[in-house]
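Inside the fold
Here is what each chain is made of, one letter per residue.
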Amino acid sequence: MLIKRREFLKISSLATASLMMPNFLKAMTLDEALVPNHKILVVLQFTGGNDGLNTIIPTKNDIYFKERNSIAITDSLPLNDETGINPALSYFKELFDNGELSVMNNVGYPDPDKSHFRSMDIWHSASRSDEFLETGWLGRFLDEECYRCEHPTQALEVDDMLSLALKGENNKAFAFKDPKRLYQTSQEKYFKSLYDHHHDDETVSYLYQTLGSTINNADYIFEKSKSKKTDQTYPNSQLGKDFKTVASLIKSDINTQVYYLSVGSFDTHVNQNDRQKKLFSDINDAVKSFVADLKSNGVFNDVLLMTFSEFGRRVAQNASNGTDHGTANQMFFISGGLKKKGLLNALPDLQKLNEGDLIYTEDFRKVYATVLKNWLKADSSKVLGWKNGVYDFI
């Protein structure tokens, strides 16, 4: 059977999705696998290295304004007497005032790497900076849950490719951009005919079987995505559409506990303020609609939205009204179920730097351990190998 180029590209894309987590899809066809989870984690990745100092601003710090004489944020929204938030994140200020947002400042890891790819791998895998892992922290969470549960815990990434964070040794999340597009592709006659295709080669046969599994379950994912119609208006940005997809699935009875989204790029070497303002505006509007949707459906207390970026930026601005790759950064946590609200720790110490870079005080793996243990109710020591305690903000 000859495959035309267009058909090959489609089957390659669909096969990539199906190979991500065939067992996950098979489990979803079982009625007993559809028991809703009580706690849901949504991870929003700020790709490219967001500048944390222009996100949560030290409004009374002379060093900040001296080192950033043309890009310092002078009209921040006050969080307290010495701290403000970027004005493009006005809804985050509202969440802060309502006790629905927590901020962990100065998060990083020892011996930080300033390469986008390597630092992102470290954050995704929860490894040391001198350690190279082929599995991600949420992928290993799936491995752990699958080991002790009758059915694997499901995770979805709203993207065309699966991130390392969601790849386990035995289980992987499922990545797709649009449930409707996945469904429409799966319904084409050419792909449906593959479901009964057999091949003598074991590897090729497995490819067809897993592809068939995706085709068989694409209808299920699509039906769940539209089973609970939303009256909430979302912005027409890509992030707005992605959050709308997540909200529709959260409101359905699909058994998914982890959702993963990305936005960027925050690699603001040139004219930083304009770029960051546009990204923050998109994030602000999308999160506002998402939270309103969750609240109107009574699930906001059971959903935790967590943000991170692979690194922050240097304290001093560069000659192009931007900032170069740095180290530590803050993380946001949004939920109706937070135990501690507001600023969880002190702002970075701008008097104590390492060659112009921030020195982290909070290890990101402790944050992950907190989310795993306190929110997802998993054994964080097995998933991360982290035995140095957890925080108590969730």
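Calculation criteria
Residues numbered from 1 in each chain as written. Predicted model: local features only at pLDDT ≥ 70, side-chain atom pairs only at ≥ 80, totals over all residues. Heavy atoms only, no water. Buried < 20%, exposed > 50% of the residue type's maximum accessible area, 1.4 Å probe, protein only. Helix = DSSP H or I, 4+ residues; strand = E, 2+ residues; numbered from the N terminus. Pairing = 2+ DSSP bridges. Lys, Arg positive; Asp, Glu negative; His and termini not counted. Salt bridge = Lys/Arg side-chain N within 4 Å of Asp/Glu carboxyl O. Polar contact = N/O pair within 3.5 Å; in protein donor to acceptor, adjacent residues only side chain to side chain. Contact = heavy atoms within 4.5 Å. pLDDT = per-residue confidence, 0-100. Axes fitted to C-alpha atoms, helices over the stretch in contact; angles between N-to-C directions. Parallel < 35°, antiparallel > 145°, perpendicular 65-115°, else oblique. Left-handed = near helix turned anticlockwise from the far one by under 90°. Nonpolar A, V, L, I, M, F, W, Y, C, P; charged D, E, K, R; others polar.

For strand β5 (residues 101–108), a buried count of eight out of eight residues is recorded, marking the element as mostly surrounded by other parts of the structure. Across five bridges, β5 lies against strand β10 (residues 329–334) in antiparallel orientation. Across the sheet, Val 107 pairs through a bridge with Asn 329, a residue of β10. Pairing geometry for β5 and strand β14 (residues 362–363), over two bridges, is parallel.

All right, on to the side chain of Glu 157 then. The topology assignment puts Glu 157 in strand β6 (residues 154–158). For the buried Glu 157, which has no salt bridge, the nearest side chain bearing the opposite charge is Lys 167, at an N-O separation of 8.2 Å. Of the polar contacts made by the side chain of Glu 157, one reaches the side chain of Ser 163; its length is 2.6 Å. The contact partners of Glu 157, leaving out residues within four places of it in the chain, are Leu 162, Ser 163, Leu 166, Phe 174, Ala 175, Phe 176, Tyr 260 and Ser 262.

With 76% of its residues at a pLDDT of 70 or more, the protein has an overall mean of 85. Predicted confidence for residues 18–37 stays below pLDDT 50, and this span has 57 contacts to residues more than four positions away or in other chains. A low-confidence stretch, residues 149–153 (pLDDT under 50), is modelled with 15 contacts involving residues beyond four sequence positions or located in other chains.

The next thing to look at is the packing of helix α10 (residues 238–251) against helix α11 (residues 272–296). Each pair of packed helices can be summarised by the angle the axes make with each other and by the distance between the axes. Relative orientation of the contacting elements α10 and α11 amounts to 15 degrees, with a least axis distance of 9 Å. Judged on the interaxial angle alone, α11 and α10 are roughly parallel. For the pair α10 and α11, the sense of crossing is right-handed. Mapping the contact onto sequence places Leu 239, Gly 240, Phe 243, Val 246, Ala 247, Ile 250 and Lys 251 in α10 and Asp 282, Ile 283, Ala 286, Val 287, Phe 290, Asp 293 and Leu 294 in α11. Tallied by class, the residues present in the contact of α10 with α11 amount to ten nonpolar, one polar and three charged.

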